[in-house]
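Overview (structure and organization)
The chain contents come next:
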Amino acid sequence: MNIVIVGDGKVGFELADTLTQEGHDVTIVDNNRQALNRADEALDVMCISGNGANAHTLQEAGVDQADILIAVAAQDEINMVCSLMAKKLGAKYVIARIRDPGYTESLALLQGEMGIDMVINPERGAAYEISRLFRYPFAVDVESFAHGRVEMVGLRAEEKDPIVGVPLRELAAEFPKVLYCVVEREGRPAIIPGGDFVIEPGDRLHVAGDLMSITQYFKKLKRNTQPVRSAMLIGGGHISYYLAKIVAGMGIDLRIIEQKSEKCHRLSEQLEDVTIIHGDGTEHELLLSENVHEMDALVCLTDRDEENLIAGLFGVRQGVGKVIVKVNRLNYLDLLKGMGIESVVSPKRTTAGAILRQVRAMENAQNAPIEKVHRVVGGQVEALEFTAMAGAPYLNVPIRSLRMTEGVLVAVLVRGRKIIIPFGDDRIEAGDTVILMAKASHITSLEDALGKR
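Our subject in this report is the structure included herewith.

Scoring rules and cut-offs
Residues numbered from 1 in each chain as written. Predicted model: local features only at pLDDT ≥ 70, side-chain atom pairs only at ≥ 80, totals over all residues. Heavy atoms only, no water. Core = buried A, V, L, I, M, F, W, Y, C linked by side-chain atoms within 4.5 Å. Buried < 20%, exposed > 50% of the residue type's maximum accessible area, 1.4 Å probe, protein only. Contact = heavy atoms within 4.5 Å. Pairing = 2+ DSSP bridges. Helix = DSSP H or I, 4+ residues; strand = E, 2+ residues; numbered from the N terminus. Axes fitted to C-alpha atoms, helices over the stretch in contact; angles between N-to-C directions. Parallel < 35°, antiparallel > 145°, perpendicular 65-115°, else oblique. Left-handed = near helix turned anticlockwise from the far one by under 90°. Nonpolar A, V, L, I, M, F, W, Y, C, P; charged D, E, K, R; others polar.

**Describing the nonpolar core**
- Ranked by size, the top nonpolar core spans 51 residues in total, and within it Ile130, Phe134, Ile163, Tyr180, Ile199, Leu205 and Tyr217 carry the most contacts.
- Discounting residues that sit within four places of it in the chain, Tyr180 has contacts with Ile163, Leu168, Leu171, Phe175, Pro193, Ile199, Leu205, His206, Val207, Tyr217 and Leu409.
- In this structure, Phe13, Leu43, Ala352 and Val359 belong to the second largest nonpolar core, which totals 25 residues.

Below is the structure:
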């Protein structure tokens, strides 16, 4: 497909890199010459220097022939004007990143008036991710599928766990309703395990199942399954605002520490039943005076990765049960894990994943399109959600008889109200929600991954 990306920041660059690898023709528009030079040298893309909200610039980028325009410039206003211009000039589908809560509350009107087909709000997406971690504090990360009916959670295997040292096929009898989807082991590429695989202490596991099964699984592992009841947020930006709105009424004692007094006043007016504290959340004395050690969770959400890292490490040393850190630089992820901080949110990664999902769905709209994409293990593995279409060749065939692409695992089937952890004799039926785990590759449909032997 012909794709125009307006904005060559971290998200724009990552999208361009992924989409060119998947065979799309990509044009990048930005008025930062240095950023364009980097993209020109590193990627197989066309670069156009100019303002993405300018009609002449968009015409030069060939927006009239674009299947998709993606507006991810730094400013919401530029993305909105760019979207409006692109639609008027003939772009078939427009995706815009809009972050400001003031605009988000008028989203329906904005989309209708400006012709924006899809709006991405990375901060709100990150807030929902954090709210899931509040529900499952025992998990390293949580991703929902099938409208929240299936959860994939990450955990670190400990030496005392009964799952350690036992082949997975033997664990199936004791834990029949969860599936081990992916394993991260230090020094090795991501593993999609088979029945002979044996879990070792220190392995980072990603397991899938329904809500109740996952909770029971962690109870058997003797992990804390009580949801977060108190949380301290460092940074009063958009994520903190959205998170406070999401968890309102859930009985969580929420405190936000913000350094700028004007933000504190605004948050006090906007948020009820939230304690707003004026101060520097990276100062250890302030955290101690606010009894951070008594909090169920500490969430570090400043604009600086380094400050989030320092505050998060202090929370770990103070024994906070759940420490969540926001990062923009994805190369920090492995560093954080090595320091004891397991739960990381990245709005930029959330944005890129949501846009990639939509691009793939449009690419193969008539053939079991992708409904959800979640990248795990630093992008080495993707969790993909599809709907099985009537008449497909993989229907009603035992899974053991399907000719699966190497590195693909059928993880979960959702059939009506039934959640199925599939084994070799199970079959996919028309209308099923099918969740696949796949080593990173260009899979856009079930037909890419499955076939009859």
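**Thoughts on the sheet that holds strand 9 (residues 179–184)**
- Pairing in this open sheet of four strands is antiparallel, and the strands run 7-8-10-9 from one edge to the other. With one partner strand each, in any of the chains shown, strand 7 (142–145) and strand 9 form the two edges of the open sheet. When the angles between neighbouring strand axes are averaged without regard to direction, this sheet yields 20°.
- Sheet topology places strand 8 (residues 150–156) next to strand 10 (residues 204–210); seven bridges connect them, and they run antiparallel.

**Notes on the packing of helix 7 (residues 122–135) against helix 10 (residues 238–247)**
- Packing of helix 7 against helix 10 leaves a shortest axis separation of 8 Å and a crossing angle of 50°. Looking at the two axes, helix 7 sits oblique to helix 10. The interaxial crossing formed by helix 7 with helix 10 has right-handed handedness. In this structure, helix 7 uses Glu123, Arg124, Ala126, Ala127, Tyr128, Ile130, Ser131 and Phe134 to contact helix 10, whose residues at the interface are His238, Ile239, Tyr242, Leu243, Ile246 and Val247.
- Residues belonging to the contact of helix 7 with helix 10 are distributed by class as follows: 10 nonpolar, two polar and two charged.

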